[in-house]
Amino acid sequence: MLKHEIHIVPSSITPTRLSDYVVGIFVSITTKAGMKKAIKKALVKVDGQVGTSGRYLRGGEKLELMLQDKSASEKVVELAIEVLYEDDYL
């Protein structure tokens, strides 16, 4: 399952680089380093096209963040472990 977040850039902003603007606007990724990784992995789209960190936003653009839902991709593996030694301290 994919997580999909959308944000519309307000028209009153001064021209700002995508990598600087997106920090903190999405719920899934809140750090600058995390957003830079998402941009490099082509998970951020600007008006339907893959965004680059050097692209300037002028206002009115539609930003989209697409992430894989981690709970759906993680597999639970159950292992039967035989206890070989056990005492009060271990």
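Owing to the predicted nature of the structure, the values given are computational and were not obtained by experimental measurement.

## Thoughts on the overall build of the protein chain
In step 1: For the protein chain, the helix and strand inventory stands at 3 helices and 6 strands.
In step 2: Taken from N to C terminus, the helices and strands of the protein chain fall in the order β-β-α-α-β-β-β-β-α.
In step 3: A principal-axis box enclosing the C-alpha atoms of the protein chain has dimensions of 65 × 25 × 20 Å.
In step 4: Across the 90 residues of the protein chain, 26% fall into the buried class.
In step 5: Here the contacts in the protein chain between residues at least 6 apart in sequence split such that 58% fall between residues at least 24 apart.
In step 6: Put simply, the protein chain shows about 6900 Å² of open surface, and 54% of that area lies on carbon and sulfur atoms.

## Description of the nonpolar core
In step 1: Counting residues in each nonpolar core, the largest one holds 15 residues, and the members touching the most others are Leu-18, Val-22, Val-44, Leu-57, Leu-63 and Leu-65.
In step 2: Every element with two or more residues in this core is listed here: α1 (18–21), α2 (32–40), β3 (44–46) and β6 (62–68).
In step 3: For Leu-18, the contacting residues outside a window of four places in its chain are Ile-39, Val-44, Val-46, Gly-51, Thr-52, Ser-53, Arg-55, Leu-57 and Leu-63.

## Overview of α2
In step 1: The set of residues buried in α2 consists of Gly-34, Met-35, Ala-38 and Ile-39. Each buried residue of α2 lies within a common arc of 140° when the element is viewed along its axis, so the set occupies one face. Away from its buried face, by an angle of more than 90 degrees, α2 presents the exposed residues Lys-37 and Lys-40.
In step 2: The secondary structure elements touched by the buried residues of α2 are α1, β3 and β6.

## Thoughts on unusual backbone geometry
Only a minority of non-glycine residues have a phi that is not negative, and only a minority of peptide bonds are not trans.
In step 1: Positive phi values are uncommon outside glycine, yet Ala-42 reaches one of about 65°.
In step 2: Mapped onto the fold, Ala-42 is located in the loop between α2 and β3.
In step 3: On the basis of relative accessibility, which here comes to 34%, the residue Ala-42 falls in the partly exposed class.
In step 4: Not every positive phi belongs to a glycine, and Asp-47 is a case in point at roughly 50°.
In step 5: Turning to its location among the elements, Asp-47 is positioned in the loop between β3 and β4 (49–50).

Conventions we followed
Residues numbered from 1 in each chain as written. Predicted model: local features only at pLDDT ≥ 70, side-chain atom pairs only at ≥ 80, totals over all residues. Heavy atoms only, no water. Helix = DSSP H or I, 4+ residues; strand = E, 2+ residues; numbered from the N terminus. Buried < 20%, exposed > 50% of the residue type's maximum accessible area, 1.4 Å probe, protein only. Contact = heavy atoms within 4.5 Å. Areas by Shrake-Rupley, 256 points an atom, 1.4 Å probe, with all protein chains shown as cover. Core = buried A, V, L, I, M, F, W, Y, C linked by side-chain atoms within 4.5 Å. Arc of directions from axis to C-beta.

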